[in-house]
Amino acid sequence: MMLHLRDTLTRRIQPVEPLESGRIRMYTCGPTVYRFAHVGNLRSFLLADLIRRVLLYHGLEVLHVKNVTDVGHLRDEGFDRGQDPMLVQAGLESKTPEEIAAAYEAAFHADEAAVNILPAHVFPRATEHIPEMLRLAEALEDAGHAYATPEGNVYYSVGTFPGYGRLSGNSLAELRAGHRGEVEPDKRDPADFALWKGAREGRLLKWPTRRWGVGFPGWHLECSAMATRYLGPQFDIHTGGIDNVFPHHEDEIAQSAPIGGSIPARHWVHGEFLLSDGHKMAKSAGNFQRVTELVDRGLDPLAFRYLTLTSKYGRKLEYSDRSLRAAAAALESLRGRLRVLGAPPDSGPWVAPSALVAGSAGDRPSGIAAGTAGHGDGAGYVPHDRAGDPTAPLSAAGRALHDRFVAAIDDDLDMPVALALLREILRAPLPADERRWLILDADLVLGLDLHRVWEDAHDAPVDLPEAVSKLRAERAAARLERDFVRSDAIREELAGLGWEVVDGAEGSTVRRRV
Ligand code: AMP
Ligand code: ZN
């Protein structure tokens, strides 16, 4: 068994076979740090996290690189009008571009940590890789794939790359037609794209070059140069949101392939959008939500993680108060049903698997920090093929449930089926130890921090009666719905059964009344 993923390039579902024995190299298009990441961006980063966790579950090491775009984002229309997003934001916030980038980069790390995304091993910043970008642009010019213009712009000549359009399924004729009317008179072909732009008046972030005067890089060039630097000319997986397919990844292939000798990634995986009111969540659309807003509203950010697991990554997912609250209630009921199985033993065959630890924002590497962060360093995580060789003495029925869970995650990340299996495991006629172990083991992939359900229950008896646990979960769901009348009624009901509810910052616990 192995993870199978849908590859955007071949449009087929294919097994992930590591290029290098035992290790996967993965590149994820990361955040643009002149604004906050929204939960839509996080959906794409969660997809990469899920892929990484499934591969770890198969006993593979994963080297993960996620870039930080801290110089003008080419995809923004303003780029072609010479507008500098950093400059615009700097003006708005009365800060330097560096201060802006640093603040939003820190916010991004906090957001990722809040939804349990394992930190990448390298978070290369675009501004720290200008020499690599220039070398690539020069090599492309030398090879006849790029040309410079008197304005100090350097364009990639798409007609020189026969595979151009393959990833996105566009033909050059269509692309040319689509570009009609654009105002870039120095382009030879309307479908050509900029590798480098000459800096005009007012641009803050700019660099001198040997060949083309002072300018700044295109967004696509950033990813080609940084992926090659950290992962080599060919690596296993490249991920991003669906809007990265064209032009970003199409252009990345065109830049990297002629110099590196092959298409840079073996698998191109793209996640569908998170929608809000039926539209793509985007800052420009004004339907923008940060994950911190959930916390402000008393919701657990992991409810958002749970929500993303309720849909296949290749499908659009609607984000609304309703869908989020339903996910929060489902997560709370899952926790409640796990909690009643009792805390795991300290030793013996059913000791809990060591969790993968995403770490707090402060622990996350920044910039070019290498290392093995995210493998739960120090938390005792050891790569092992947990999928093929579970580490607990499962019964035949337990093993069958485990195998079905593995089959679901391997089937192009069929997480809705995997979540349904969790409920089946909880209901299965198996000893509590086995059910708990299966759930906690599965959580290495799900990343819902289920091992924490016993943390706040230390002064409560380990075995909560079924009725009490059910009421506790219902009350938590009512509180999420802000149905305080119902939540107070349940409190009374619990009191009638001899249980007291204690509401704290970390959630509510119940304890026997004395
Ligand atoms: P950006 O900072 O705009 O480059 O976006 C970072 C990542 O988030 C990219 O991989 C985008 O494809 C992805 N993304 C942007 N908006 C959404 C959305 N509404 N749903 C899912 N992914 C998104
Ligand atoms: Zn990228």
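Our subject is the structure listed above.
Residues numbered from 1 in each chain as written. Chains lettered and ligands numbered in written order. Predicted model: local features only at pLDDT ≥ 70, side-chain atom pairs only at ≥ 80, totals over all residues. Heavy atoms only, no water.

Participant: Would you explain empty space enclosed by the protein in this entry?
Facilitator: The probe, sized like a water molecule, is rolled over the atoms to show the empty space still left. Within this structure, the stated rule accounts for four cavities of 30 Å³ or more. Around the largest cavity, the lining comprises 14 residues; the ones closest to its centre are Leu46, Leu47, Leu50, Thr308 and Tyr313. Residue assignment for the lining of the largest cavity shows that the elements contributing at least two residues are α1 (39-57) and α9 (301-309). The element contributing the most residues to the lining of the largest cavity is α1, with four residues. Of the residues contributing to the lining of the largest cavity, the split by class is seven nonpolar, three polar and four charged. Its boundaries defined by the atoms lining it, the second largest cavity holds a volume of some 80 Å³. (1 Å grid on protein atoms, 1.4 Å probe; cavity = no way out; pocket = protein on both sides within 12 Å on 5 of 7 lines; lining within 4 Å. Points joined across faces, edges and corners; volume = space filled by probe spheres on them. Helix = DSSP H or I, 4+ residues; strand = E, 2+ residues; numbered from the N terminus. Nonpolar A, V, L, I, M, F, W, Y, C, P; charged D, E, K, R; others polar.)

Participant: Which parts of the structure should I look at to understand the environment of Trp499?
Facilitator: Position of Trp499 relative to the elements: it lies in strand β15 (residues 499-504). Given a relative accessible area of 2%, Trp499 falls into the buried group. (Buried < 20%, exposed > 50% of the residue type's maximum accessible area, 1.4 Å probe, protein only.)

Participant: Please explain α9 as it appears in this structure.
Facilitator: Spacing of three or four residues puts side chains on the same side of an α-helix, whose turn is 3.6 residues. Across the nine residues that make up α9, a large majority, nine, are buried. Listed as buried for α9 are Pro301, Leu302, Ala303, Phe304, Arg305, Tyr306, Leu307, Thr308 and Leu309. Capping the start of α9 is the job of one residue whose side-chain oxygen sits 2.8 Å from the backbone nitrogen of Leu302: Asp300. (Polar contact = N/O pair within 3.5 Å; in protein donor to acceptor, adjacent residues only side chain to side chain.)

Participant: Got a minute to help me understand the pattern of salt bridges in this structure?
Facilitator: When the charged atoms of two side chains with opposite charge come close together, those side chains can pair. As enumerated under the stated definition, the model contains 30 salt bridges in all. For Glu20, the salt bridge goes to Arg25, with nearest N and O atoms at 3.1 Å. Taking relative accessible area as the criterion, Arg25 reaches 14% and is therefore assigned buried. The partner of Glu332 in a salt bridge is Arg472, with the nearest N and O atoms 3.8 Å apart. Within this pair, whereas Glu332 is found in helix α10 (residues 321-339), its partner Arg472 is found in helix α14 (residues 466-480), the two being separated by 140 residues in sequence. Accessibility expressed as a relative area gives 8% for Arg472, which makes it buried. In this structure, a network of salt bridges that share partners links the residues Asp300, Glu332, Arg335 and Arg472. (Salt bridge = Lys/Arg side-chain N within 4 Å of Asp/Glu carboxyl O.)

Participant: Before we go on, may I ask you to explain unusual backbone geometry in this structure?
Facilitator: If a residue is not glycine, its phi is most likely negative; likewise, a peptide bond is most likely trans. Here the bond from Phe246 into Pro247 is cis, since omega is 0°, no more than 30 degrees from zero. Within the element layout of this structure, Pro247 appears in helix α7 (residues 245-260). The backbone phi angle of Asn116 is positive, close to 65°, even though this residue is not glycine. Along the polypeptide, Asn116 turns up in the loop between α3 (97-114) and α4 (130-142).

Participant: I keep staring at the sheet that holds strand β3 (residues 23-28) and nothing clicks. Help me out?
Facilitator: Adjacent strands of a sheet form backbone hydrogen bonds with each other and so pair up, either parallel or antiparallel. Spatial ordering of the open sheet is given by β4-β3-β10-β11, a layout of four strands whose pairing is parallel. In this open sheet, the two strands that pair with only one neighbour each are β4 (61-66) and β11 (265-271). For this sheet, the mean inter-axis angle between neighbouring strands, taken without regard to orientation, is 20°. When strand β10 (residues 235-241) meets β11, the two strands line up parallel, connected through six bridges. Across the sheet, residue His238 finds its bridge partner in β11, namely Trp268. (Pairing = 2+ DSSP bridges. Axes fitted to C-alpha atoms, helices over the stretch in contact; angles between N-to-C directions.)

Participant: Even after reading the chapter, I still don't get the environment of Arg511, so can you show me in this structure?
Facilitator: Relative to the assigned elements, Arg511 resides in strand β16 (residues 507-512). Spatially, the C-alpha atom of Arg511 lies 9.2 Å from that of Leu464, the residues being 47 residues apart in sequence.

Participant: Would you take a moment to explain the nonpolar core for this structure?
Facilitator: The tendency in soluble globular proteins is for nonpolar side chains to be buried as a group. Core analysis: the biggest nonpolar cluster contains 89 residues, and Ile51, Phe304 and Leu413 have the highest contact counts within it. Look past the residues within four positions of Phe304 in its chain and what remains in contact with it is Val39, Leu42, Arg43, Leu46, Val115, Leu274, Leu294, Tyr319 and Leu324. (Core = buried A, V, L, I, M, F, W, Y, C linked by side-chain atoms within 4.5 Å. Contact = heavy atoms within 4.5 Å.)

Participant: Just to check I follow, could you spell out the packing of aromatic side chains for this structure?
Facilitator: Each pair of aromatic rings is reported with the distance of its centres and the angle of its planes. Counted according to the given criterion, the structure contains nine aromatic pairs. When the ring of Phe36 is compared with that of Tyr104, the centres are 4.8 Å apart and the planes differ by 75°; the resulting orientation is edge-to-face. Of this pair, Phe36 sits in the loop between β3 and α1 while Tyr104 sits in helix α3; the two residues are 68 residues apart in sequence, bridging distant segments of the chain. Since its relative accessible area comes to 30%, Phe36 is described here as partly exposed. Judged by its relative accessible area of 9%, Tyr104 falls in the buried class. Where Tyr156 meets Phe193, the ring centres are 5.0 Å apart and the plane angle is 10°; that geometry is what we call stacked. In this pair, Tyr156 sits in strand β6 (residues 154-156) while Phe193 sits in strand β7 (residues 193-198), placing the two residues 37 residues apart along the sequence. Since its relative accessible area comes to 7%, Phe193 is described here as buried. An aromatic cluster is present here, built from Phe45, Phe108 and Phe123 joined pairwise through their rings. A cation over an aromatic ring shows up here: Arg203 above the ring of Phe216, its NZ or CZ 3.3 Å from the ring centre. (Phe/Tyr/Trp six-rings, centres within 6.5 Å; stacked < 30°, edge-to-face > 60°. Lys NZ or Arg CZ within 6 Å of the ring centre and 35° of its normal.)

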